[in-house]
Amino acid sequence: MKQSRLTTKTRKEAPKDEVSLNAQLLMRAGFVDKLTAGVYSFLPLGFRVLKKIENIIREEMVAVGGQEILMPTLHPKANWEQTGRWDTMDDLYKVEDASGRQFGLGPTHEEVVVPLMQKFANSYKDFPFAVFQIQNKFRMELRAKSGLMRGREFFMKDLYSFHLDEKDMDEYYEKVKAAYVRIFQRAGIGEKTHLTFASGGSFSKYSHEFQTVSGAGEDLIYICQKCSTAINKEIKEETPVCPECGGADFSEEKAIETGNIFKLKTKFSAPFGLEISDEKGEKKTVIMGCYGIGLNRMMGTVVELFSDEKGIVWPQSIAPFAVHLISLNQDEEAQRIYEQLQREGIEVLFDDRDARAGEKFADSDLIGIPWRVVVSGKTISAGGVEVKKRSEEKAEVMSVEELLRKMKIGK
Ligand code: ATP
Ligand code: MG
């Protein structure tokens, strides 16, 4: 993509009403725009990051047998009355049409997925199965001060699994837990993300959150110094020792809840009467699990973790482009290299603008693409291009072939 054609431009100043670092940087660099508090548009650069996050999550969900579907946002009131959550779910947006018909804007989809699957799963032979979607959710968040990490409208991946018995659910739950670990690793935040025991509410002893340590987090977690599993605040009160290893030495950290998985058991299948006759002809209520992860929140978290005073430092796996190619008055040679890199399947943002070197470098640091490649008269006479990683200080002149070799091994 040629930067001269990019519909967005960078800005020197963050909007005054935006207090969170992630939204400030993402808005200044032109990844997102704020329509109103907690509601963001994804611009070309931000959309590319969102799609990369989405694809990592999708691959891992498909790998655990999830089948992708897409459910509506507009939910009839009756579905929410069936589980009692029309009145108890504080963050449910409720809308009414001109005839007085009421709807909820989906904050989560148990009320839709259960009656949906009920239409198809009518024999024990159909079990187990799992469906997921990547879709926009609505929640009436009162505090929307954490930028992309807490939206009123945001994208979530929600997976729902259906089982004949608890043992089967438990086994599947462990598989999804492992898939979540892989997702966070692949997105570059694995090291800072802790599996965290959270109280499970009425239907299960524990649920598990994935909490990413960051000063920008709204939660407090207690990390076991022995096994690095964490527990959240409420259960720390109930459970003074680590439920994983029995350790009693914890460090307290601020953290961001980047994912949450639950053993729902019959919490939502029972109200809809989702029952099945097993092999022996015995009627059983279907057992369920649900597994959520926020895409916007993950994007915001990555920016909170990986930035410096100059801007964002994207992990390669979710960066909008792999290479930021900067021409300093050498457009013809740069164009040739641009085409060569693209032929190699490398995603390149080509700064072909008529702008000063200082401005190009400052924008490149702000946008945060992992490999900066400069083409200038100097680099050409030294035999190639100047290569600098966003995460490192040193720059080196090398041939394009050498750059390609380095990129292949990721160093
Ligand atoms: P929180 O406690 O932060 O409000 P939650 O526990 O209500 O979140 P869940 O219902 O567990 O959220 O949703 C699953 C996942 O969706 C969360 O782990 C998080 O990654 C994401 N998520 C939830 N609320 C938001 C939001 N308002 N904006 C962006 N992502 C969100
Ligand atoms: Mg949660």
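Thresholds applied
- The numbering scheme is per chain: residues are counted from 1 as the chain's sequence reads.
- Naming scheme: in the order in which they are written, chains are lettered from A and ligands are numbered from 1.
- Restriction of local features to residues with pLDDT of at least 70 applies here, the model being predicted, together with a cutoff of 80 or more for giving and counting side-chain atom pairs; totals for whole chains, interfaces and linings are based on all residues.
- Side-chain numbers here rest on the full set of heavy atoms in the structure, without hydrogens or water.
- Segments assigned H or I by DSSP are reported as helices when at least four residues long, segments assigned E as strands when at least two residues long, and all are numbered from the N terminus.
- To estimate how far a helix should reach, multiply one less than its number of residues by 1.5 Å.
- Summary of the burial criterion: residues with accessible area below 20% of their type's maximum are buried, those above 50% are exposed, and those between are partly exposed, where the area comes from a 1.4 Å probe applied to protein chains only.
- Think of it this way: a Phe, Tyr or Trp ring, Trp meaning its six-membered ring, pairs with another when their centres are within 6.5 Å, and the plane angle makes it stacked under 30 degrees, edge-to-face over 60, tilted otherwise.
- Contact definition: two residues touch when any of their heavy atoms are within 4.5 Å.
- Whenever a nitrogen or oxygen atom comes within 3.5 Å of another N or O atom, the pair is scored as a polar contact, on the condition that within protein one atom can donate a hydrogen and the other can accept it, and that pairs from neighbouring residues in sequence are kept only if both atoms are in side chains.
- Cavity means a closed set of points on a 1 Å grid over the protein atoms alone, one where a 1.4 Å probe fits but cannot get out, pocket means an open set with protein on both sides within 12 Å along at least 5 of 7 lines, and lining means a residue has an atom within 4 Å of a point.
- Grid points are joined across faces, edges and corners, and a volume is the space filled by probe spheres set on the points.
- As a working rule, the residues Ala, Val, Leu, Ile, Met, Phe, Trp, Tyr, Cys and Pro are called nonpolar, Asp, Glu, Lys and Arg charged, and the rest polar, with Gly in that last group.
- We define a salt bridge as a side-chain nitrogen of Lys or Arg found within 4 Å of a carboxyl oxygen belonging to Asp or Glu.

Participant: Give a description of helix H2 (residues 44–63) that names residues and reports values.
Facilitator: With 20 residues, H2 extends 29 Å from end C-alpha to end C-alpha; this agrees with the ideal 28 Å at 1.5 Å per step. Every buried residue belonging to H2 is among Leu 45, Gly 46, Val 49, Leu 50, Lys 52, Ile 53, Glu 54, Ile 56, Ile 57, Glu 60 and Met 61, and all of these are buried. Among the residues trailing H2, Gly 65 stands out with phi positive, at a value near 85°.

Participant: Hey, could you go over the packing of aromatic side chains for me, with residue numbers and the actual values?
Facilitator: All chains considered together, the criterion is met by 11 aromatic pairs. Here the aromatic rings of Tyr 173 and Tyr 291 are separated by 6.2 Å at their centres, their planes lie at 50°, and the arrangement is tilted. You can see Tyr 173 sitting in helix H6 (residues 166–186) and its partner Tyr 291 sitting in strand E16 (residues 287–294), a full 118 residues away along the chain. Under the relative-accessibility criterion, Tyr 173 is labelled buried at 1%. For Tyr 291, a relative accessible area of 1% gives the class buried. Through successive ring pairs, a cluster of aromatic residues spans Phe 127, Phe 129 and Phe 162.

Participant: Can you explain the environment of Ile 221? Please cite residues and give values.
Facilitator: Tracing the sequence through the fold places Ile 221 in strand E11 (residues 219–224). Put simply, Ile 221 and Thr 196 are 25 residues apart on the chain and 7.8 Å apart in space, counted from C-alpha to C-alpha. Residues within four places of Ile 221 in sequence aside, it is in contact with Thr 196, Gln 211, Val 213, Ala 230, Ile 231, Asn 232, Ser 251, Glu 252, Glu 253 and Ala 255.

Participant: So what's going on with unusual backbone geometry? Residues and values would help.
Facilitator: Following Phe 127, the chain continues into Pro 128 via a peptide bond in cis, with omega recorded as -10°. Mapped onto the fold, Pro 128 is located in the loop between helix H5 (110–118) and strand E7 (129–138). Residues other than glycine seldom take positive phi values, yet Lys 265 does so here, at roughly 55°. If you trace the backbone, Lys 265 turns up in strand E13 (residues 250–265).

Participant: Give a description of H6 that names residues and reports values.
Facilitator: Here H6 is 21 residues long and its end C-alpha atoms lie 30 Å apart, about the 30 Å a rise of 1.5 Å per residue gives. Regarding H6, the residues found buried are Met 169, Tyr 172, Tyr 173, Val 176, Lys 177, Ala 179, Tyr 180, Ile 183 and Phe 184. Capping the start of H6, Asp 165 holds a side-chain oxygen 3.3 Å from the backbone nitrogen of Lys 167, two or three residues further along. Trailing H6 by a residue or two, Gly 188 shows a phi angle of about 90°, which is positive.

Participant: Describe the environment of Ile 235, with residues and values.
Facilitator: Note that Ile 235 resides in helix H7 (residues 233–238). Placed 14 residues apart in sequence, Ile 235 and Ile 221 show a C-alpha to C-alpha distance of 9.7 Å. Excluding residues that lie within four positions of it along the chain, Ile 235 makes contacts with Phe 197, Ala 198, Ser 199, Tyr 206 and Pro 243.

Participant: So what's going on with the layout of surface pockets? Which residues, and what values?
Facilitator: The computed volume of the largest pocket comes to approximately 1200 Å³. If you go around the largest pocket, you meet 50 residues; those closest to its centre are Arg 139, Glu 209, Glu 257, Asn 260 and Phe 262. Of all the secondary-structure elements, those providing two or more residues to the lining of the largest pocket are strand E8 (153–163), strand E9 (193–199), strand E10 (206–213), E11, H7, E13 and E16. Classifying every residue of the lining of the largest pocket by side-chain character gives 19 nonpolar, 15 polar and 16 charged.

Participant: I'd love a proper account of the pattern of salt bridges, names of residues and values included.
Facilitator: Summed over all chains, the structure comprises 33 salt bridges. One salt bridge in this structure joins Lys 52 and Glu 347, with 2.6 Å as the shortest N-O distance. Of this pair, Lys 52 sits in helix H2 while Glu 347 is found in the loop between helix H9 (331–343) and strand E20 (348–351), placing the two residues 295 residues apart along the sequence. We classify Lys 52 as buried; its relative accessible area is 18%. Residue Glu 347 is classed as partly exposed on the basis of its relative accessible area, which comes to 31%. Asp 170 is the salt-bridge partner of Lys 263, the closest N and O atoms lying 3.0 Å from each other. Taken together, the residues span a long stretch of sequence, with Lys 263 in strand E13 and Asp 170 in helix H6 at a distance of 93 residues. Look at Lys 263 and you get buried, because its relative accessible area is 17%.

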